[in-house]
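Structural description and commentary
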Amino acid sequence: METAGLQKRKAMQRRLGKRKDALIAAVILVPMFLAWLVVSGFPTLFGFVLGFFEWVGLADTPNFIWFDNFVSFFNNPVYTDALWRSIWLGGLVTVITLGAGFFAALLMNLPLFGKGFYRSIWYIPAITATVATTQVFNIFLDSNNGVINNLLKAMGKEPIVWQYSVGWGIFWIVVYSVWKGVGGAALIWLAGLQSVDLSLYEAAEMDGAGRWQKLRYVTLPGLKPIATYIVITNLIAAIQIYEQVLFITNGGPYGQTEVLVFRIYRDGFWDFNLGMAGASSLIMALIVIFVTVLYYNWSTKSDRRTTIPIKPVKSAKKEALPHAQSFER
């Protein structure tokens, strides 16, 4: 009887403990959820609903028009060009940023003197305000007294009017985006590099793997989980490029460097075409979700066994390891 009573008391204490934990979680999470709902959740939902209305100007009366805004979006080359430009420009920025970030992470991982200071330098652009850094870029790119044009004049070359060149405008948007994002990507890659099990490198080295073989068959497979995260987050950010376009080219010349987020901004805050801004926002959100799910499903497929093609080990250990010609992750 005493044992049954003790068990009941323990069960009651566990239930009370769970209720207490649930109450503490609610006290912490509910205010955060309400703040998110007011600041982000409701405005986002309201913006999506606007896509089904014709609403030009705040003084106008919203008119429910079903899918007319979405049909207009795909029939208007201004929007389709901006959408396509967002996709390929975002993909280009993502590929360059991830490649440069991975190379920077490999350098950061070397046992160098003052590596903490070196890592900080890489990350400074990521935490610096976009308004400030784009103004520095504009000082270099000013058509009259810009640093680059002054150098061209000193060399006897004609100055370049950057704002009226589509190619140069895209080039500087990509350069700025990569410069801004490479530090954050490098630090995440670095965390991934330091999480790879060192015993895998030792086993591969015993099997005769060289530096590049260890990179290809040990490092890269070990980075796959972190790569999924970094690719998705960087791709989402790159597709939503906005500040670079606003401060460097302002969408010019003649809208040929506009991206979709910049077009949404123009519709919503310049032209007050709130219905088209909402429809464009919903289309972009669906595309980002589709691309994210597609890449995530591809990257999380079951790993195939990887075999390293190792050349015969030219050492005295070869006889001790007659079958160690492959390394399986």
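Residues numbered from 1 in each chain as written. Predicted model: local features only at pLDDT ≥ 70, side-chain atom pairs only at ≥ 80, totals over all residues. Heavy atoms only, no water.

Along its length, the protein carries 13 helices and two strands. Residue burial in the protein is summarised as follows: out of 329 residues, 34% are buried. The contacts of the protein with a sequence gap of at least 6 include a subset with a gap of at least 24, amounting to 64%. Roughly 20,800 Å² of accessible area belongs to the protein as shown, and the carbon and sulfur atoms make up 67% of that amount. (Helix = DSSP H or I, 4+ residues; strand = E, 2+ residues; numbered from the N terminus. Buried < 20%, exposed > 50% of the residue type's maximum accessible area, 1.4 Å probe, protein only. Contact = heavy atoms within 4.5 Å. Areas by Shrake-Rupley, 256 points an atom, 1.4 Å probe, with all protein chains shown as cover.)

Now for helix 13 (residues 274-299). With 26 residues, helix 13 should reach 38 Å at 1.5 Å per residue; the first-to-last C-alpha distance of 37 Å fits that figure. All buried positions along helix 13 are accounted for by L274, G275, M276, A277, G278, A279, S280, L282, I283, M284, V288 and S299. (Expected span 1.5 Å × (residues − 1).)

We now examine a positive patch on the surface. Together, K10, R14, R15, K18 and R19 make up a region of like positive charge exposed at the surface. With respect to the helices, strands and loops of the structure, K10 is situated in helix 1 (residues 2-50). A relative accessible area of 43% places K10 in the partly exposed class. (Patch = residues over 30% accessible without salt bridge, like charges linked within 9 Å, V, L, I, M, F, W, Y side chains within 5 Å. Salt bridge = Lys/Arg side-chain N within 4 Å of Asp/Glu carboxyl O. Lys, Arg positive; Asp, Glu negative; His and termini not counted. Charge placed at Lys NZ, Arg CZ, Asp CG, Glu CD.)

Think of a pair of aromatic rings as described by two things: how far the centres are apart, and how the planes are tilted against each other in angle. Under the counting rule described, the total for this entry stands at 25 aromatic pairs. Taking 5.5 Å as the distance between ring centres and 75° as the angle between the ring planes, the aromatic pair formed by F52 and F67 counts as edge-to-face. Pair noted here: F52 is in the loop between helix 1 and strand 1 (53-54) and F67 is in the loop between strand 2 (63-64) and helix 2 (68-75), with a separation of 15 residues, a long-range link. On the accessibility criterion, F52 (23% relative accessible area) is partly exposed. Given a relative accessible area of 48%, F67 falls into the partly exposed group. (Phe/Tyr/Trp six-rings, centres within 6.5 Å; stacked < 30°, edge-to-face > 60°.)

On to the packing of helix 10 (residues 224-239) against helix 13. A pair of packed helices can be characterised by two numbers: the angle between their axes and the separation between those axes. Direction vectors running N to C along helix 10 and helix 13 enclose 165°, while the axes themselves pass 10 Å from each other. With respect to their mutual orientation, helix 10 and helix 13 come out roughly antiparallel. Both helix 10 and helix 13 take part in a crossing whose hand is right-handed. Of the residues in helix 13, those touching helix 10 at K224, A227, T228, V231, I232, L235, I236 and I239 are M284, V288, V291, T292, Y295, Y296 and S299. Residues belonging to the contact of helix 10 with helix 13 are distributed by class as follows: 11 nonpolar, three polar and one charged. (Axes fitted to C-alpha atoms, helices over the stretch in contact; angles between N-to-C directions. Parallel < 35°, antiparallel > 145°, perpendicular 65-115°, else oblique. Left-handed = near helix turned anticlockwise from the far one by under 90°. Nonpolar A, V, L, I, M, F, W, Y, C, P; charged D, E, K, R; others polar.)

Okay, empty space enclosed by the protein next. Scanning all chains against the criterion turns up three cavities of 30 Å³ or more. Its boundaries defined by the atoms lining it, the largest cavity holds a volume of some 60 Å³. Taken together, the elements giving at least two residues each to the lining of the largest cavity come down to helix 5 (130-141), helix 7 (166-195) and helix 11 (243-249). At three residues, the largest contribution of residues to the lining of the largest cavity is made by helix 7. Residue composition of the lining of the largest cavity, grouped by class: five nonpolar, four polar and no charged. The computed volume of the second largest cavity comes to approximately 40 Å³. In terms of lining residues, the second largest cavity is bounded by I232, L235, I236, I239, V288, V291, T292 and Y295. Of all the secondary-structure elements, those providing two or more residues to the lining of the second largest cavity are helix 10 and helix 13. Residues that form the lining of the second largest cavity fall into these classes: seven nonpolar, one polar and no charged. (1 Å grid on protein atoms, 1.4 Å probe; cavity = no way out; pocket = protein on both sides within 12 Å on 5 of 7 lines; lining within 4 Å. Points joined across faces, edges and corners; volume = space filled by probe spheres on them.)

Once that is clear, we can look at the UniProt feature "transmembrane region" (unreviewed entry) in the protein. Taken from the UniProt record, the annotation "transmembrane region" (unreviewed entry) applies to residues 21-39, 87-108, 120-141, 161-179, 225-242 and 274-296. Each end of residues 21-39 is marked by a C-alpha atom, and these two atoms are 27 Å apart; helix forms 100% of the span and strand 0%. Taken as a whole, residues 87-108 contains 100% helix and 0% strand, while its terminal C-alpha atoms sit 31 Å from one another. (UniProt positions renumbered as here; feature names shortened; annotations may be inferred.)

A few words on the confidence of the model for the protein. With 90% of its residues at a pLDDT of 70 or more, the protein has an overall mean of 81. Across the protein, the element-wise mean pLDDT spans from 76 in helix 8 (residues 198-206) up to 92 in helix 2. (pLDDT = per-residue confidence, 0-100.)

In this section: the pattern of salt bridges. Here the structure, examined in full by the defined rule, presents four salt bridges. Between E258 and R266 there is a salt bridge, with the nearest N and O atoms lying 3.0 Å from each other. Assessed through its relative accessible area of 3%, E258 is described here as buried. Linking R263 and D271 is a salt bridge whose minimum nitrogen-to-oxygen distance equals 3.6 Å. With a relative accessible area of 11%, R263 lands in the buried category.

Within the secondary structure layout, D267 lies in helix 12 (residues 260-270). Take D267: its relative accessible area is 2%, and that puts it in the buried class. At 2.7 Å, the side chain of D267 forms a polar contact with the side chain of Y79. When residues no more than four places from it in sequence are discounted, the contact partners of D267 are Y79, F272, N273, L274, M276 and A277. (Polar contact = N/O pair within 3.5 Å; in protein donor to acceptor, adjacent residues only side chain to side chain.)

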